Each structure stands twice: as structure tokens, then as C-alpha cells.
Amino acid sequence: SVKYGGIDAFNALMTEQRRHLSFEEVMRQHDEVHERLMKYVQEAPEELYLRETRFRRRLRLDTWSHYPIHAAAVRRWRESLGLGG
């Protein structure tokens, strides 16, 4: 079992909790979470974006600076299935 211990432990826990889901269900959840994130970001007060705030730092760390890590993992997985990058 995975214990609390940073982003890698969190990702492992989330992966294990969703292992039983179909690809379609994973993509549906992904789309729902993305839609909620976009709404949240659009409704956030402008002052949160004007300087380096905790909000802006978390947004950066948890989105565009984090996505390449998962994209690389997906590419490796696709290549292991012979699907290419």
C-alpha cells in the first residue's frame, strides 16, 4: 500500500484506486476534472495572478509544469504497446 509522501505517492495511490476503470471512464473523469479546473481558474480573483502567490505557484506546479512528466509516461506506455508516441 502507498502511504502519504509527496506527489509520487499520491500518483501511485490514485493509479491504484482507478485501476479497475475502463479507458473511457478514465477519460470521462479526466474531462470532468479539467472542466472544473478551467472554471475555477476563470473565476479566481485577478489579484491572485498579479504577483507570485501560493495560488499561482500551485497552479503552475500542478498544471503546465507538471503535464510533461505525465506526457512522457504516456508516451512510454504507448510505445510499450507498439502504438508509437
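Everything discussed here concerns the structure shown above.
Residues numbered from 1 in each chain as written. Predicted model: local features only at pLDDT ≥ 70, side-chain atom pairs only at ≥ 80, totals over all residues. Heavy atoms only, no water.

> Lay out the packing of aromatic side chains in plain terms, naming residues and giving numbers.
Under the criterion given, the structure shown has two aromatic pairs. Ring centres 5.9 Å apart and planes at 50° place the aromatic pair Y40 and F55 in the tilted group. Pair noted here: Y40 is in helix α2 (residues 23-43) and F55 is in helix α3 (residues 54-62), with a separation of 15 residues, a long-range link. For F55, a relative accessible area of 14% gives the class buried. Judged by centre distance (5.3 Å) and plane angle (90°), the ring pair of Y49 and F55 falls under edge-to-face. (Phe/Tyr/Trp six-rings, centres within 6.5 Å; stacked < 30°, edge-to-face > 60°. Helix = DSSP H or I, 4+ residues; strand = E, 2+ residues; numbered from the N terminus. Buried < 20%, exposed > 50% of the residue type's maximum accessible area, 1.4 Å probe, protein only.)

> Break down the pattern of salt bridges for me, citing the residues and quoting the values.
The final tally for this structure, using the stated rule, is seven salt bridges. The closest approach of N and O atoms between R60 and E52, which form a salt bridge, is 3.2 Å. Overall, R60 belongs to the partly exposed group, its relative accessible area being 27%. Overall, the relative accessible area of 44% leaves E52 in the partly exposed class. Between D62 and R58 there is a salt bridge, with its nearest N and O atoms 2.6 Å apart. Of the two residues, D62 and R58 both sit in helix α3, four residues apart, roughly one turn of that helix. (Salt bridge = Lys/Arg side-chain N within 4 Å of Asp/Glu carboxyl O.)

> Any details on the layout of surface pockets? Residues and values, ideally.
Estimates place the volume of the largest pocket at around 1800 Å³. Lining the largest pocket are 32 residues, and of these N11, R18, V26, H30 and H70 lie nearest its centre. Elements represented by at least two residues in the lining of the largest pocket include exactly α1 (7-18), α2, α3 and α4 (67-80). In terms of residue count, the dominant contributor to the lining of the largest pocket is α2 (eleven residues). Within the lining of the largest pocket, the residues separate by chemical class into 17 nonpolar, nine polar and six charged. (1 Å grid on protein atoms, 1.4 Å probe; cavity = no way out; pocket = protein on both sides within 12 Å on 5 of 7 lines; lining within 4 Å. Points joined across faces, edges and corners; volume = space filled by probe spheres on them. Nonpolar A, V, L, I, M, F, W, Y, C, P; charged D, E, K, R; others polar.)

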